[in-house]
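Read off the chains here:
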Amino acid sequence: MGRKARRMSRVSLVTLFSCVAWLLSSCAGDGNFTILGYTTRPNYDTSVHTIRVPIFKNQTFYRGLEFQLTQAVIREIESKTPYKVVSAGCDADTELTGNIVIFTKAILNRNQLNEVREAETTLGVEVIWRNLHTGEILSLPKGPPPPPPATTLPPGALPPRPPMVLVQSVGHFVPELGQSLASAQKENVDRLAVQIVSMMEVPW
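Residues numbered from 1 in each chain as written. Predicted model: local features only at pLDDT ≥ 70, side-chain atom pairs only at ≥ 80, totals over all residues. Heavy atoms only, no water.

*Asks:* Describe the side chain of Glu-95, naming the residues involved and giving the relevant values.
*Replies:* When you line up the elements, Glu-95 lands in strand β6 (residues 94–110). A polar side-chain atom of Glu-95 sits 3.2 Å from a polar atom in the side chain of Arg-52. Beyond its immediate stretch of four places on either side in the chain, Glu-95 contacts Arg-52, Pro-54, Ile-128, Trp-129, Arg-130 and Leu-132. (Helix = DSSP H or I, 4+ residues; strand = E, 2+ residues; numbered from the N terminus. Polar contact = N/O pair within 3.5 Å; in protein donor to acceptor, adjacent residues only side chain to side chain. Contact = heavy atoms within 4.5 Å.)

Below you can see the structure in the form of structure tokens.
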């Protein structure tokens, strides 16, 4: 082996050892890697393992929305997060509750016969994601903590309402294309389930 080949071999070994040392230094104690701002850590809090999702309440006149939305949220949690959804009577680390407060339909366009050509639906739900061990509201936007509640309430005063987050989705349907209010409703439910589960991601 010539002198030039030995020198290149030595440089290659130094480069290899440097890369190995760099990779080992980027490995965290939990087995995840962080390199150049990218990480293999999951997007969700790994201290949470189970979540309870009671059937959402429904304050609108459209019956059945609560069952569709609850099923869609459970399906999204099971497929996108490491959390396990447990039954109502089981112990859990957290609980997600929801209250459907809005479902509206607005006509965007009519044809020459004054029939609906295009319409839009809006679905809104108030959600609370609570840590059942600590009482912390996990669904609140990250920022300065709210002021502590008063320890005593004046006579006749109602306890403060727990802080909720309003999540909304918009759906469309065009009857001329075979779409209907039911298809727009499903679009609303699926989009809302994705938004609710996305709220569970830890901030970057």
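*Asks:* Describe the pattern of salt bridges, and please don't skip the residues or the numbers.
*Replies:* Overall, the coordinates contain seven salt bridges when judged by the stated rule. In this structure, the salt-bridge partner of Glu-95 is Arg-52, at a minimum N-O distance of 3.2 Å. With Glu-95 in strand β6 and Arg-52 in strand β3 (residues 50–52), this residue pair connects regions lying 43 residues apart in the sequence. Exposure class is identical for Glu-95 and Arg-52. Each is buried. Across the salt bridge formed by Glu-176 and Arg-117, the nearest N and O atoms sit 3.3 Å from each other. With Glu-176 in the loop between β8 (165–173) and α3 (181–198) and Arg-117 in strand β7 (residues 116–131), this pair connects stretches of sequence that are 59 residues apart. Through salt bridges that share partners, Arg-75, Lys-186 and Asp-190 make up one connected network. (Salt bridge = Lys/Arg side-chain N within 4 Å of Asp/Glu carboxyl O. Buried < 20%, exposed > 50% of the residue type's maximum accessible area, 1.4 Å probe, protein only.)

*Asks:* Would you mind going over the packing of aromatic side chains in detail, with residue names and values included?
*Replies:* We describe a pair of aromatic rings using the distance from one ring centre to the other and the angle between the two ring planes. Enumeration over the complete set of coordinates arrives at three aromatic pairs. With a centroid separation of 5.9 Å and 75° between ring planes, the pair formed by Tyr-44 and Tyr-83 is classed as edge-to-face. Note that Tyr-44 is positioned in the loop between β2 (38–39) and β3 and Tyr-83 in the loop between α2 (65–80) and β5 (84–86), a separation of 39 residues in sequence. Here Tyr-44 and Tyr-83 have matching classes, each one buried. Their ring planes at 45° and their centres at 6.1 Å tell us that Tyr-83 and Trp-129 sit as a pair that is tilted. (Phe/Tyr/Trp six-rings, centres within 6.5 Å; stacked < 30°, edge-to-face > 60°.)

*Asks:* Now, about α2: what can you tell me, with residues and values included?
*Replies:* For α2, with 16 residues, the first-to-last C-alpha span of 22 Å sits near the 22 Å given by 1.5 Å per residue. Here α2 has its buried residues at Leu-65, Glu-66, Leu-69, Thr-70, Ala-72, Val-73, Glu-76 and Ile-77. Down the axis, α2 shows its buried residues gathered within 165° of arc, on one side only. More than 90 degrees from the buried face of α2, the exposed residues found are Gln-71 and Ser-79. (Expected span 1.5 Å × (residues − 1). Arc of directions from axis to C-beta.)

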